[in-house]
Amino acid sequence: MAVETINSAKDAAGLAAMISHAAEQTGDKSRGPAPVERWNPPFCGDLDMEIRADGTWFYMGTPIGRAPLVRLFSTVLRKDEDGKTYLVTPVEKVGIRVVDAPFIAVEMNVGEKDGVPLLTFRTNVGDVVEVGAEHPLRFEISGENKELKPYLLVRGRLEALVSRAVMYDLVELGEVIEIDGKEMFSVRSGGQVFAIIPAAELSELSK
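Residues numbered from 1 in each chain as written. Predicted model: local features only at pLDDT ≥ 70, side-chain atom pairs only at ≥ 80, totals over all residues. Heavy atoms only, no water.

## Some points on the overall build of the chain
The following threshold applies: Runs of H or I in DSSP of at least four residues are treated as helices and runs of E of at least two as strands, each being numbered from the N terminus. Residue exposure (1.4 Å probe, protein chains only): buried if accessible area is under 20% of the type maximum, exposed if over 50%, otherwise partly exposed. Only heavy atoms matter for contacts: two residues are in contact if any of them lie within 4.5 Å across the pair.
A count of helices and strands for the chain gives four helices and 15 strands. Looking at the 207 residues of the chain, the share that counts as buried comes to 43%. Nonlocal contacts in the chain, meaning residues at least 24 apart in sequence, comprise 51% of its contacts between residues at least 6 apart.

## A word on the sheet that holds strand β15 (residues 192-198)
The condition that has to hold: Only when DSSP finds a minimum of two bridges between them are two strands counted as paired. Orientation is described by axes fitted as lines to C-alpha atoms, over the contacting stretch for helices, and by angles from 0 to 180 degrees between their N-to-C directions.
Taken together, the three strands give an open sheet; going across it, the order is β13-β14-β15, and neighbouring strands pair in antiparallel fashion. The two strands at the open ends of the sheet, each matched to only one other strand, are β13 (175-179) and β15. Taking the axes of each pair of neighbouring strands and ignoring which way they run, one obtains an average angle of 55 degrees across the sheet. Pairing of strand β14 (residues 182-189) with β15, which is carried by six bridges, proceeds in the antiparallel orientation. Bridging from a neighbouring strand, V187 pairs with F194 of β15.

## A closer look at helix α3 (residues 164-172)
In an α-helix, one full turn covers 3.6 residues, which means residues spaced three or four apart are oriented alike. Formally: Relevant arc is that of directions from the helix axis to the C-beta atoms, nothing else.
If you check which residues of α3 are buried, you get V166, M167, L170 and V171. Buried residues in α3, looked at end-on, bunch into an arc of 140 degrees, giving them a common side. Structural note: α3 exposes A165 and E172 on the side pointing more than 90 degrees away from its buried face.

## Describing the pattern of salt bridges
Stated precisely, the cut-off is as follows: Should a side-chain nitrogen of Lys or Arg be within 4 Å of a carboxyl oxygen of Asp or Glu, the pair is scored as a salt bridge.
For the structure on display, the rule yields 15 salt bridges. Residue D48 pairs with R97 through a salt bridge whose shortest N-O separation is 3.2 Å. Taken together, the residues span a long stretch of sequence, with D48 in strand β1 (residues 43-51) and R97 in strand β6 (residues 93-98) at a distance of 49 residues. Residue classification places R97 among the partly exposed residues on the basis of a relative accessible area of 41%.

## Regarding the confidence of the model for the chain
Here is the rule: The pLDDT value expresses, per residue, how confident the predictor is, ranging between 0 and 100.
Here the chain averages 89 in pLDDT, and 89% of its residues register 70 or above. Across the chain, the element-wise mean pLDDT spans from 68 in helix α4 (residues 202-205) up to 98 in strand β12 (residues 158-162).

## Some thoughts on the packing of aromatic side chains
This is how the line gets drawn: Pairing of aromatic side chains here covers Phe, Tyr and the six-membered ring of Trp, requires ring centres within 6.5 Å, and sorts the geometry by plane angle: under 30 degrees stacked, over 60 edge-to-face, intermediate tilted.
Applying the stated rule across the entire model yields two aromatic pairs. When the ring of F43 is compared with that of Y86, the centres are 5.9 Å apart and the planes differ by 85 degrees; the resulting orientation is edge-to-face. One end of the pair, F43, is in strand β1; the other, Y86, is in strand β5 (residues 85-88), and 43 residues separate them in sequence. Its relative accessible area of 48% is what places F43 among the partly exposed residues. Measuring from centroid to centroid gives 6.4 Å for W57 and F73, while their planes differ by 25 degrees, and the two rings are stacked.

## Description of the sheet that holds strand β8 (residues 116-123)
Read across the open sheet, the six strands follow the order β9-β8-β7-β12-β11-β10; overall the sheet is mixed. Both edges of this open sheet fall to β9 (128-130) and β10 (137-142), since each of them pairs with a single strand only. Taking the axes of each pair of neighbouring strands and ignoring which way they run, one obtains an average angle of 40 degrees across the sheet. Packed onto the sheet, α3 meets β7 (103-113), β8, β10, β11 (147-155) and β12 and runs at close to 25 degrees relative to β7.

Okay, structure coming up:
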């Protein structure tokens with residue numbers, strides 16, 4: 001009898017069943033992310049799975065339309081030091097393709113905690129993340145159109161790209177703050193300051 005591996009799954013539902021079975025063998029049935037950082041299984045090749053730039057997950061060329069399946073897969077994601085992203089179980093590790101970031105930040109809440117501003121984001125797979133020292137924001141200017149792309153560290157090395165609609169709300173919170181002697185357009189959260197762009201380049205961002 002052939003040994004079942006993640007790579008042998010015929011569809012997303014079959015893949016989910018294999019991952020759930022592997023997790024149950026560890027006795028860890030928590031609904032949150034699995035302790036993938038503690039697992040060190042052998043690499044078993046690449047899987048025909050891709051996370052597109054808009055956050056849509058594909059398996060074997062077909063979009064995964066069931067949110068619970070995507071959520072399950074998201075809980076066993078890990079990005080390693082080699083810069084690649086993997087699905088990880090206690091017994092095997094398989095590579096997947098990520099076009100941009102594995103998650104999308106689709107909602108932002110502006111509030112306070114301990115008297116200081118606090119930004120909280122919700123991702124497309126249900127993670128709720130408070131921005132601060134452990135979950136920083138970083139900003140890139142990319143493409144010919146110099147598009148601003150904010151990223152939020154969710155866990156491990158996995159990031160969420162802040163959606164365009166939410167990005168506009170985030171930028172509205174910006175203020176000019178001097179950092180290391182240079183005026184930077186920045187946002188505050190969780191007692192931290194996150195630089196977006198030099199204040200002198202702010203006019204370019206608004207175009």
